[in-house]
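Commentary on secondary and tertiary structure
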Amino acid sequence: MGLLALGVSFVVTGLLPAAAARESVDRIAPLLLFLCAVVVLAELTKEAQVFDVVATRLAIVGRGNYAALFILCTAFASLVTIFLNLDTTAVLLTPVMLALAPRAEIAPMPLAMTTVWLSNTASLLLPVSNLTNLLAMSRVALSTREFAARMWAPALAAVSVTMAFLWIFYWRRGERGADRYVPPPAPVIADRTLFSVAAAACVVFVGAILAGAPIEAAAPVAAVAVVVAFARRDRKRLGWSLVPWRLLVFVTGLFLVVPTLGRFGLESVMSVIIGPDGAGDGDFRAAAAGAGLSNVVNNLPAYVAGEQVIPEANHVPLLSLLIGVNVGAVATPWGSLATLLWFEWCRRWEVRVPVAKFILTGVGLAVVGVAAAVIALLLMA
């Protein structure tokens, strides 16, 4: 609310012209509709036990083998991030994984770090994976398929590096503290109708976006189907609390504040860091600028500030900036909104996060992951 109030004050005082403010709001309106709908869809999918059933089944399939469970969990977290947005992984998959840990006698940190890191680094492939991707897609005028064709190699590189860091620093025997885990019992589904409708809605939503349907239409249709099912079978689960008001207000305020800061110096700073036109080593500089600024002020304003100084025709520097703000935002707790929400869930579940280790390993992942993804992008250019 404070950020939105600050943005409105900039418009009222004329620091941000009304035309510029209107342009920013018009740009994000369909994105906010998508964001609201996909969060409602994901929240009700969790209430229908879809995430819980899948996570438990993965642990059962792993049969006590940590290497197998590691592959399954990283694949699950990556797919949820890619198709249902990074905030879904951080906010909804994290509590599912933390609930699974005691049932299977698994240390919680390996599972928790899997969700927080992959919620960021696995969010490169599709426009729906991250709000920054949606902004970039509209900037470079790419369809969903065209965007995926440009970003599949960087996404694969980022996820591969993340898996290596996860195994070395959190999943290997010396870190997890056990040779095997106990496969949990099969979950009991409370309402199979709700489970089936929610699962089907997610599948239809994924199919629609892969087919090229507008995300601001596909997400609400899927969400409405699940809302109707809950209205008929479990109405008490529905409420205004499902709507991510704070997130919507935060993003709206952000798109009023950042353009104002750009008019009074931020744009000049980013121009100096990235370069006037992204020439020469501008791709790596754009990625580094995005990663660095993300870990200072959050990745969303970092992307918005960076894209202002990169010409629309320079697709590679712009996508490099996107890699920096997505993959590079893992070094600090405030690097992305998803990470902040993840820390809140760890606090609620009384999971102690070693902050020094989190930052040091996050810095390493940011440096190596961003570099590998940018190199992959350049090789595919």
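Shown above is the structure to which this text applies.
So, here's what we can say about the structure. This is a predicted model, so every value here is computed, not measured. (Residues numbered from 1 in each chain as written. Predicted model: local features only at pLDDT ≥ 70, side-chain atom pairs only at ≥ 80, totals over all residues. Heavy atoms only, no water.)

Take the packing of aromatic side chains next. Tallying each qualifying case throughout the model produces 10 aromatic pairs. With 5.6 Å between their ring centres and 40° between their planes, Phe165 and Phe169 make a pair best called tilted. Residue Phe165 and its partner Phe169 are located together in helix H8 (residues 144-171), separated by four residues, close to a single helical turn. Look at Phe165 and you get buried, because its relative accessible area is 14%. (Phe/Tyr/Trp six-rings, centres within 6.5 Å; stacked < 30°, edge-to-face > 60°. Helix = DSSP H or I, 4+ residues; strand = E, 2+ residues; numbered from the N terminus. Buried < 20%, exposed > 50% of the residue type's maximum accessible area, 1.4 Å probe, protein only.)

Bringing helix H6 (residues 108-121) into the picture now. An ideal rise of 1.5 Å per residue puts 20 Å on 14 residues; H6 measures up with 20 Å between its terminal C-alpha atoms. Of all 14 residues in H6, 13 are buried; the element is thus mostly enclosed. (Expected span 1.5 Å × (residues − 1).)

Further remarks concern unusual backbone geometry. At Gln49, a residue that is not glycine, the phi angle is positive and equals roughly 75°. Note that Gln49 resides in the loop between helix H2 (18-47) and helix H3 (50-62). Here Gln49 falls in the buried class, since its relative accessible area comes to 17%. Of note, Glu105 is a non-glycine position whose phi angle comes to about 55°, a positive value.

Let us now look at the pattern of salt bridges. Tallied over the entire structure, the rule returns nine salt bridges. In this structure, Glu47 engages Lys46 in a salt bridge whose closest nitrogen and oxygen atoms are separated by 4.0 Å. By relative accessible area, which is 27% here, Glu47 ends up partly exposed. Notably, a salt bridge pairs Arg173 with Asp179, separated by 2.5 Å at the nearest N-O pair. For Arg173, a relative accessible area of 40% translates into the label partly exposed. Its relative accessible area of 55% is what places Asp179 among the exposed residues. Ionic contacts of the salt-bridge type, sharing partners, join the residues Lys46, Glu47, Asp234, Lys236 and Arg237 into one network. (Salt bridge = Lys/Arg side-chain N within 4 Å of Asp/Glu carboxyl O.)

Without other data, these values stay purely geometric and don't point to any function.
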